[in-house]
Amino acid sequence: MQGPEVSAGSVPGEGLIGDNAPPCPGASRLAASRSQSTTGLVYSTDRGRICPGCRRPAPECVCKKPPAAPAAAGPIRVTRQSKGRGGKTVSVVTGLPLAADALASLGTELKRMCGTGGTVKDGAIEIQGDHCDALLAELNRRGFAAKRAGG
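Residues numbered from 1 in each chain as written. Predicted model: local features only at pLDDT ≥ 70, side-chain atom pairs only at ≥ 80, totals over all residues. Heavy atoms only, no water.

Its identity is not glycine, yet Asp122 carries a phi of approximately 50°, on the positive side. Tracing the sequence through the fold places Asp122 in the loop between β3 (118-121) and β4 (124-128). According to the relative accessible area criterion, Asp122 is exposed, its value standing at 85%. (Helix = DSSP H or I, 4+ residues; strand = E, 2+ residues; numbered from the N terminus. Buried < 20%, exposed > 50% of the residue type's maximum accessible area, 1.4 Å probe, protein only.)

Dropping the structure here:
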């Protein structure tokens with residue numbers, strides 16, 4: 001007994017198997033969807049991160065522009081918090097009227113000054129540990145009218 005024969009020059013799945021078998025019913029649909037596929041780039045190290053929305057490199061993204069810097073709603077507050085953090089204390093600076101990139105760079109400088117870690121979340125700078133006094137002094141030195149809030 002011989003194995004199945006595929007006609008020469010055909011696309012796999014579209015050829016006749018044997019002498020009298022019909023072609024695969026989904027093969028023409030699959031071939032049509034491949035030719036119309038415009039999914040674009042799957043992976044590349046050429047340009048770095050690609051925005052899934054506009055398919056451009058992340059620095060050139062046009063679909064997700066950062067919101068404008070919030071207007072100062074009041075004084076800059078420096079608080080000490082430990083709720084919801086497993087007992088760990090963090091110093092939180094809120095109310096800074098800076099754009100997202102300027103806020104991130106200020107957060108980096110404040111973390112370096114305090115010698116600890118931290119993050120920038122939702123327009124607030126969080127510094128690990130109780131560094132409220134040092135943060136107040138540094139913010140006032142930089143020209144911000146910062147106040148201590150809480151105990």
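Looking at the element boundaries, Glu126 is found in strand β4. Non-local contacts of Glu126, meaning those with residues more than four positions away in its chain, are made with Arg85, Ser91, Val92, Gly117, Gly118, Thr119 and Lys121. (Contact = heavy atoms within 4.5 Å.)

Another aspect to go through is the environment of Pro59. Within the secondary structure, Pro59 is located in the loop between α1 (27-36) and β1 (76-81). Residues Pro59 and Gly48, spaced 11 residues apart in sequence, show a C-alpha to C-alpha distance of 9.4 Å.

Mapped onto the fold, Thr79 is located in strand β1. Take Thr79: its relative accessible area is 18%, and that puts it in the buried class. Leaving out residues up to four positions away in the same chain, Thr79 has contacts with Val90, Ser91, Val92, Cys132 and Ala149.

Our focus in this paragraph is the pairing of β3. Examined bridge by bridge, β3 and β4 share four bridges and lie antiparallel to one another. Residue Thr119 lies in a different strand from β4, and its bridge partner there is Glu126. The loop that links β3 with its antiparallel partner β4 comprises two residues; one of these, Asp122, has a positive phi angle of about 50°. (Pairing = 2+ DSSP bridges.)

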